[in-house]
Amino acid sequence: MTETLATGLDIEAVRARFSALQQGFAFLDAPGGSQVPDEVGDAIARALREASANLGAVYATSHRVAEILTGAEARAARFLGCEPHEVIFGPNMTSLDFTLSRTAGREFAPGDEILVSSLDHDGGVAPWLELARDRDLVVRHVELHEDTTLDFADLEAKLGPRTRVVAFAWASNAVGTIVDARRVCQLAHQAGALAWIDAVHYAAHEPINVREIGADVLICSPYKFCGPHLGLAYGRAEVIERWRPYKARPAPGSPLGRRFETGTQPYELLAGFSAAIDYLDSIGGFAAIAPYERALGQRFLSSIPDEVTVYGLPGMTGRVPTFLVNVDGVDAADVARRLAAAQIGVWAHDSWYSLDLYRRLGYDDKSVRIGFIHYNTADEVDRLVQALSDARGSRG
């Protein structure tokens, strides 16, 4: 019997909706992508059966495609806190970031500056580095404190009249640290710059309201929160309506967000996305999810043995339930293999694509990343802690 944490989430009912969770394997690898409830796969299959068409025709399958697209835009708008015409879909976050950064960059001049965070995944940094090479721009990194939190004094010092964009990750995909997005957006706007947010990791764990924080562009990935592999972006209408998109000339120019979607959209995946949003709503949304996940994270932090090093913040304040760890005296790749043998899924890697953060953390080679999500259980946390202890005890 799975132990129940003192939250409003009915974890037994949640897990019953995932075929992947019925075999006893503990998926503690959510930062690399979540498991998917059966209803999402069913929606994708149904769309392939009933809506294998494209927009603009006068027959039933085309009408069904239009319903799928408008339904997905409406749900995305509700998820992000914006209007449907401010929603942009793409193949993944990185592709959307390259597309939208190139589009915004049409307005930039040589010598203009982009600020990125030293906490960022390279999917939020590389697009600006490549644009800078093409357009003779300057990319500067905002520093971190030793505990991995953003150094706001350094951000303020680096903002200037040539700053065009402040791009940052709302939550670290490696160590889970959360950035005060509203404060960054306010500082960016005071300098006349765009506030550009990578919310890929944050969106799986906490609610988003782009209006409340003042974002200009925000990008996330539904496969992190029980949906299919897609990219999802918000672009503030007052900003993106002045951009000239890269698109085929006959493609429609409205609604606004669709200007920036190249080619035919994967309508079956959009149907799956809608099913994922409906699923999250049906279990109570982030009002139920966030406290449950924080309880899992605190359970882990309160019970890990002394020989396990956790990088970044020591508690659950200011973070999502993602942890980068090493076991003293045991190679990270070996830890991941031993946990897999114990039916626990985690990854070992070196940089976790957070290249600037990697240089600061101090481990020699690789680390183990653990990521809880709302379908994980207290029992799985306890199994993990025991397995980490066993890995240390059986070294060599």
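In case you missed it, the structure is sitting above this.
Residues numbered from 1 in each chain as written. Predicted model: local features only at pLDDT ≥ 70, side-chain atom pairs only at ≥ 80, totals over all residues. Heavy atoms only, no water.

As for the pairing of strand β8 (residues 231-235)
When a strand is regular, its side chains alternate between the sheet's two faces.
At step 1: For β8, a buried count of five out of five residues is recorded, marking the element as mostly surrounded by other parts of the structure.
At step 2: Where burial is concerned, the two faces of β8 agree: the one with G231, A233 and G235 and the one with L232 and Y234 are both buried.
At step 3: Relative to β8, strand β2 (residues 87-90) is paired through four bridges, and the arrangement is antiparallel. Across the sheet, the residue bridging to I88 is A233, located in β8.
At step 4: Sheet topology note: the strand β7 (residues 217-220)/β8 ladder contains four bridges and is antiparallel. (Buried < 20%, exposed > 50% of the residue type's maximum accessible area, 1.4 Å probe, protein only. Helix = DSSP H or I, 4+ residues; strand = E, 2+ residues; numbered from the N terminus. Pairing = 2+ DSSP bridges.)

Quick notes on unusual backbone geometry
At step 1: A cis amide bond links S254 to the next residue, P255, at an omega of -5°.
At step 2: Structurally, the position occupied by P255 is in the loop between α9 (237-240) and α10 (267-282).
At step 3: In this model, D136 sits at a positive phi of 60°, which is unusual for a non-glycine residue.
At step 4: Residue placement: D136 occurs in the loop between α5 (126-135) and β4 (138-142).
At step 5: Relative accessible area serves as the criterion here: at 53%, D136 is assigned to the exposed category.

Thoughts on the environment of A336
At step 1: Assignment of secondary structure puts A336 in helix α12 (residues 332-341).
At step 2: For the pair A336 and V368, spaced 32 residues apart in the sequence, the C-alpha separation amounts to 6.9 Å.
At step 3: Sequence-distant contacts of A336, that is, excluding residues within four places in its chain, are made with V346, W347 and A348. (Contact = heavy atoms within 4.5 Å.)

Considerations on helix α4 (residues 93-104)
At step 1: The terminal C-alpha atoms of α4 lie 16 Å apart, and with twelve residues this matches the ideal 16 Å at 1.5 Å per residue to within 8%.
At step 2: Packing partners of the buried residues in α4 comprise β2, α5, β6 (194-198), β7 and β8.
At step 3: At the N-terminal boundary of α4, the capping side chain belongs to N92, with an oxygen 3.3 Å from the backbone nitrogen of T94. (Expected span 1.5 Å × (residues − 1). Polar contact = N/O pair within 3.5 Å; in protein donor to acceptor, adjacent residues only side chain to side chain.)

Let's talk about the state of the cysteines
At step 1: Under the criterion given, the structure shown has zero disulfides.
At step 2: Left without a disulfide partner, C82 is nearest to the cysteine sulfur of C220, which lies 9.9 Å away.
At step 3: The thiol sulfur of C226 is not disulfide-bonded, and the nearest other cysteine sulfur, from C220, lies at 13 Å. (Disulfide = S-S within 2.5 Å.)

Focus: the sheet that holds β4
At step 1: Taking strand neighbours across the sheet as the criterion, the seven strands line up as β2-β8-β7-β6-β5-β3-β4 in an open arrangement whose pairing is mixed. Taken across any chain shown, the strands that pair with only one partner, and hence form the sheet edges, are β2 and β4. Strand-to-strand twist of the sheet, defined as the mean angle between neighbouring strand axes without regard to direction, takes the value 20°.
At step 2: Strands β3 (113-117), β4, β5 (163-169) and β6 of the sheet are contacted by α5, whose axis makes an angle of about 150° with β4.
At step 3: Sitting on the sheet, helix α7 (residues 181-190) touches β5 and β6, and the angle it makes with β6 is about 150°. (Axes fitted to C-alpha atoms, helices over the stretch in contact; angles between N-to-C directions.)

What about the pattern of salt bridges?
At step 1: Per the stated rule, a full pass over the model turns up 23 salt bridges.
At step 2: For R102, the salt bridge is made with D134, and the minimal N-O distance between the two is 2.7 Å. Of this pair, R102 sits in helix α4 while D134 sits in helix α5, and the two are 32 residues apart along the sequence.
At step 3: Relative accessible area serves as the criterion here: at 24%, R102 is assigned to the partly exposed category.
At step 4: For R337, the salt bridge is made with D334, and the minimal N-O distance between the two is 3.9 Å. Of this pair, R337 and D334 both sit in helix α12, three residues apart, which is roughly one turn of that helix.
At step 5: We classify R337 as exposed; its relative accessible area is 53%. (Salt bridge = Lys/Arg side-chain N within 4 Å of Asp/Glu carboxyl O.)

Spatial relationships are all this shows, so hold off on functional conclusions.
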